Amino acid sequence: MTRKACLIFNPVAGQGNPEQDLKTIESMLRPEIDLEVVITTAECEPGELAKAAIERGAQAIIASGGDGTLSVVAAALMGTNIPLGIISRGTANAFANALDLPTTIPEACEAIVAGGTQVVDMATCNGLPMVLLAGIGFEAETVDLADRDAKNRLGMLAYVLAGLKQVGSLNQFEVEIELEDKIIAVSAAAITIANAAPATSILAQGAAGVIFDDGMLDLTIVAPATPLVAIATAFELLSSTLRGEASQRDDVGYLRSNRFKVTTTPPQKVVVDGEIIGMTPIDVECISGGLTVFATQVEEVQPVEKLEGLPNMKIDMKV
């Protein structure tokens, strides 16, 4: 294990007791690591704190907070080969779940002390770093509805309630997906491009398995015709994901590439790693091996590709 590390701790993440959380983390890490602790504030952006720690000689960065904090710190480490320790204390903990990392403080600290590392992919969306996924349409609208106050009060239930509200106003839009060798036109209610995604991100799970260390992105198209069908589609996606099986519904499609350019008509909101970044179009590219994390090796499910059955689908091969 690298002996000199900086812990970047977000005290406002999650619903626990931050003072007790920090005490637990320090009690487990300090006996094994030369640990510097930096507390985030409104004026101290986590990514900048990580870069400053590296300049001071930190050989590893440990981030503790919600998915927003973890993603920003990971972005600061992209391409550096400096390992990142992840101690999740947020609402969804999607980052840790997506990479099959521990989600409790004691287990996360044990993994960091053990010192095993794994190289995983990152991505960029319109030039912005992306660890997990970009969502267009339904997912972006759901995230937009689940405000900070609701997440603080209700936790994951805030996303569920926002999703139920959004189903009632489900809208399809026209999509053009450009790959290196072809352009796909289709109608959809949601497009999700995942570098890594937990099973709970069901709109990313058309193939029921997102590989996070293969240099590829996984795109899922969800195109239910009505709100009632959308509920059935969501339930089937959850069920097939839990079974580890790719969806066979006609209104779900999926494909893989190292880069996607997506344009929609009309323009749609875009969420990246839980934050709204703007509107379509987007250009998402995988950065193979862009991040090193403290982790153990895991076996991944190999996804497949399916486009048959999607509404108004057309494929034009590039010459």
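Data block above holds the structure.
Throughout this document, residue positions are counted from 1 along each chain, in the order its sequence is written. Reporting in this predicted model follows two pLDDT cut-offs: at least 70 for local features of residues, and 80 or more for side-chain atom pairs to be given and counted; totals over whole chains, interfaces and linings ignore these cut-offs and use all residues. In computing side-chain values, all of the structure's heavy atoms are included and hydrogens and water are not.

Engineer: How would you summarise empty space enclosed by the protein if you had to cite specific residues and measurements?
Structural biologist: Each cavity reported here is a set of points on a 1 Å grid over the protein atoms alone in which a 1.4 Å probe fits but cannot get out, each pocket an open set with protein on both sides within 12 Å along at least five of seven lines, and each lining residue one with an atom within 4 Å of a point. Grid points are joined across faces, edges and corners, and a volume is the space filled by probe spheres set on the points. Tallied over the entire structure, the rule returns one cavity of 30 Å³ or more. Taken as a whole, the largest cavity holds about 40 Å³ of empty space. Along the walls of the largest cavity sit I86, L101, P102, A108, A111, I112 and F294, which together make up its complete lining. Labels follow the DSSP assignment, with helices taken as runs of H or I lasting at least four residues and strands as runs of E lasting at least two, numbered in each case from the N terminus. Residue contributions to the lining of the largest cavity peak at three residues, all from helix α5 (residues 105-114). Throughout this entry, Asp, Glu, Lys and Arg are counted as charged residues, while Ala, Val, Leu, Ile, Met, Phe, Trp, Tyr, Cys and Pro are counted as nonpolar. The remaining residues, Gly among them, count as polar. Of the residues that constitute the lining of the largest cavity, the class distribution is seven nonpolar, no polar and no charged.

Engineer: Report on the layout of surface pockets, specifying residues and quantitative values.
Structural biologist: Put simply, the second largest pocket is a space of about 320 Å³. Around the second largest pocket, the lining comprises 18 residues; the ones closest to its centre are S71, V72, A75, L128 and P129. Those elements giving two or more residues to the lining of the second largest pocket turn out to be α2 (46-55), α3 (67-77), β6 (128-130) and β15 (275-279). Top contributing element to the lining of the second largest pocket by residue count: α3, with six residues. Per-class residue counts for the lining of the second largest pocket are nine nonpolar, four polar and five charged.

Engineer: Go over the side chain of Q205, please, and point to the residues and values.
Structural biologist: With respect to the helices and strands, the residue Q205 is situated in the loop between β10 (190-194) and β11 (217-222). Burial classification: accessible surface area is computed with a 1.4 Å probe over protein chains only, and a residue below 20% of its type maximum counts as buried, one above 50% as exposed, and the rest as partly exposed. On the accessibility criterion, Q205 (3% relative accessible area) is buried. In the analysis that follows, any N or O atom pair within 3.5 Å is treated as a polar contact, provided that within protein one partner can donate a hydrogen and the other can accept it, and provided that, for residues neighboring in sequence, both atoms belong to side chains. Within polar-contact distance, the side chain of Q205 engages the backbone oxygen of P198 at 2.9 Å. Ignoring anything within four residues of it in the chain, the contact list for Q205 reads A197, P198, A199, V210, T220, L237 and T241. By definition, residues are in contact when any of their heavy atoms lie within 4.5 Å.

Function-wise, these values are silent; they only describe arrangement.
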